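Inside the fold
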Amino acid sequence: MFLKGRPTRSIFSFGKFSQLQIPEKKTIESSSTGLDTIASFDALRIFPTVRAAMVEEIKSVYNLKSTYIKDKQELDIKPSPVQVAAIRKINQPRLRKAKSASVEKEGGQAIVDELVKSNERNKLKVFTVAAETGSGKTWAYLASVLSKLKEDDLEHFTRSELHYEKAKEVPTVRSIILLPTHELVEQVYDTLNRANKIRYDVDELKVHSNYAQFLSLPDQKDSLNLRIMKWGSGDPHNRLFNAVNNKGRIDVLVTTPSKIAGLAKLTNFNRPFRFFNFTEYCVIDEADTLMDQSWMKDTMNIVRRLNKCKDLILCSATIPKEFKKTLSTIFPDHQSIISIATPSLHKIPKQIHVKIIDAQVSPYNGSKTRCLAQALYAIHNDGTEPGLVKRIIIFVNEKKDVDPLVESLVSKYGHRQEDVIGITGSDSALDRSDKLEPFLKPAALIEDDMDRSKIKILVTTDLMARGLNFVGIKNVILMDLPRNSVDLVHRIGRTGRMRQSGRVFVIVDKKTRKSWIKGLPNAIKRGVTLG
């Protein structure tokens, strides 16, 4: 149903299914201010070499198949709304509200002023960044964190070159990015690794004189040269300890909360958390997941150990109602939370076309699997993506339904075994990585595919619905209706990423044919916010 909310906004809400928090109008307005005036990353406060590496990394993974551009260097990369809103707020100078100390003041007042400045510089700031799926959130927080790391290095260098060199030898983890799955750890690490290796010419960047001497250093002038580490599935704790002890600081650690929380079980190590004593920046990506009941204990135990943390950045494509309650409990002082939300939050992009298919009608006669088989046949033969392997993602609610559906599509409906892939939480991280590979890169030419596939089908659960960048996926099928609107947004968000088109087919039967579901396609066309 459509519910009238605040003026100029209507909400598509449907009973207990609706688990999304309606974004506050003042947050949307604050985040949207001036979006139309920012057309370039040059207009944002980003460390110059970070900006150069970021733009080149974005270009490197851009899919040119759907454009008329022949060379990626011709691309005009512009910041997305979430990147503009997040970078502007997170990268604001910290001493803005602090009183400035004057050398002419009496000693007592000067000391007070210096304390005010110090408190402002070191106090924890909590940022919540919420934006629609596929909107560029990863670089929204990476640009901020990497810029702060470089600014800190510049500050050390400004004191003295010796101070800068000694700072690099301190055994510590400077920043952490926490993610819920090892697939996302790999994805974010790969992004960072590509950016870190990109070469640039400082002279061509035309940097301000304040940066010139620092950027002439051997370890700064050609690339970001940051120490980036992933600590993922199967990696022992010794891998982290040895990396810090033998080579000094780690600039960015990409991992899951469970990996760090597992250090508490090490009874034969002295202070296993000591390398996080001076961590200043922490990102909790997919925060609505990492701060729900199943993850909350591990996540918050880590955050509480970060005594020197200055920026805590929580990112998500959805804000569930429970998430806001959780934040209010942890941070009762609402002034310590800086909220960022884009105007399109909880809206399905209009370039995604949703179609409801009723399995009760003829010729399906109540068989959802028969309905699915017909949908796959239609997609296969619709003339789109000529010459390319079509990739399709099918979501079910229960992992017990994955393998039987895969088997049915192969044995009953004639699909090749190598063309239908099932993934559940029972698969090892390595197996999941191998199975996901064809879906996490641009569509391959049919003649280049090792299996000579014309179509590849992934059957999975909500395990694969969060954050993963399925590159260029055009078709998503919901075999089961999601349990709530949060899961609906994430499943649909596996297609239509970064302004590309996509299609979603929702299969319903007698049990799931809710009256409101028929209104979903119209709500999307109208740009209505989901509740």
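Residues numbered from 1 in each chain as written. Predicted model: local features only at pLDDT ≥ 70, side-chain atom pairs only at ≥ 80, totals over all residues. Heavy atoms only, no water.

A short note on the environment of Phe127
Definition in use: Starting at the N terminus, helices and strands are each numbered in turn, a helix being any DSSP run of H or I of at least four residues and a strand any DSSP run of E of at least two. Here a residue-residue contact requires only that any non-hydrogen atoms of the pair lie within 4.5 Å.
With respect to the element layout, Phe127 can be found in strand β3 (residues 125–130). Sequence spacing of Phe127 and Leu314 is 187 residues, and the spatial spacing of their C-alpha atoms is 6.1 Å. Once residues lying within four places of it in the same chain are set aside, the contact partners of Phe127 are Lys89, Ile90, Asp311, Leu312, Ile313, Leu314, Ile338 and Ile340.

Description of the sheet that holds strand β15 (residues 502–508)
Selection criterion: The pairing criterion is simple: DSSP has to find at least two bridges between the two strands. Note on definitions: angles span 0 to 180 degrees between N-to-C directions of axes, and those axes are lines fitted to C-alpha atoms, for helices only across the stretch in contact.
Read from one edge to the other, the open sheet built from six strands follows the order β10-β15-β14-β11-β13-β12, with strand pairing classed as parallel. A single partner strand is all that each edge strand has here, and the edge strands are β10 (352–358) and β12 (420–422). For this sheet, the mean angle separating the axes of adjacent strands, direction not counted, is 20 degrees. Across three bridges, the pairing between β12 and strand β13 (residues 455–460) is parallel. Looking at β13, one finds that Ile421 is bridged to Leu458. Against the sheet, helix α15 (residues 368–380) makes contact with β10, β11 (390–395), β13, β14 (475–478) and β15, and its axis sits at roughly 160 degrees relative to β11, the strand it touches most.

Digging into the layout of surface pockets
The condition that has to hold: Cavity means a closed set of points on a 1 Å grid over the protein atoms alone, one where a 1.4 Å probe fits but cannot get out, pocket means an open set with protein on both sides within 12 Å along at least 5 of 7 lines, and lining means a residue has an atom within 4 Å of a point. Grid points are joined across faces, edges and corners, and a volume is the space filled by probe spheres set on the points. For this classification, the nonpolar set comprises Ala, Val, Leu, Ile, Met, Phe, Trp, Tyr, Cys and Pro, the charged set comprises Asp, Glu, Lys and Arg, and every other residue, Gly included, is treated as polar.
Of the volumes computed, that of the second largest pocket is approximately 1,200 Å³. Taken together, 35 residues make up the lining of the second largest pocket; nearest its centre are Asp152, Glu155, Glu280, Tyr281 and Lys310. For the lining of the second largest pocket, the secondary structure elements donating two or more residues are α2 (48–60), α4 (107–122), α5 (137–159) and α6 (161–169). The greatest single-element share of the lining of the second largest pocket, amounting to eight residues, is contributed by α5. Classifying every residue of the lining of the second largest pocket gives twelve nonpolar, eight polar and 15 charged.

Thoughts on the domain arrangement of the protein
Often, the extent of an interface is quoted as the loss of accessible area on bringing the components together. To keep things clear, this is the line we draw: An automatic or database domain assignment is the source of the domain bounds shown. Once two parts are joined, some of their accessible surface, as seen by a 1.4 Å probe, is lost; buried area is that loss totalled over both. Counted as salt bridges are all cases of a side-chain nitrogen of Lys or Arg within 4 Å of a carboxyl oxygen of Asp or Glu.
You can read the domains of the protein as domain 1 (41–61 + 75–92 + 114–264 + 272–341) and domain 2 (352–526). Taking only C-alpha atoms into account, the centre of domain 1 sits 33 Å from that of domain 2. Contact with domain 1, which involves 18 residues of that partner, is made by 17 residues of domain 2. Area buried by domain 1 at its contact with domain 2 is led by Thr133, Gly134 and Glu183, which between them contribute 39% of it. Counting the contacts that link domain 1 with domain 2 gives two salt bridges. A salt bridge links Arg466 to Asp288; its shortest N-O distance comes to 2.8 Å. Of all the secondary-structure elements, those providing two or more residues to the side of domain 1 that touches domain 2 are α7 (182–197) and α12 (287–290). In terms of residues, the side of domain 1 that touches domain 2 owes the most to one element, α7, which gives four residues.

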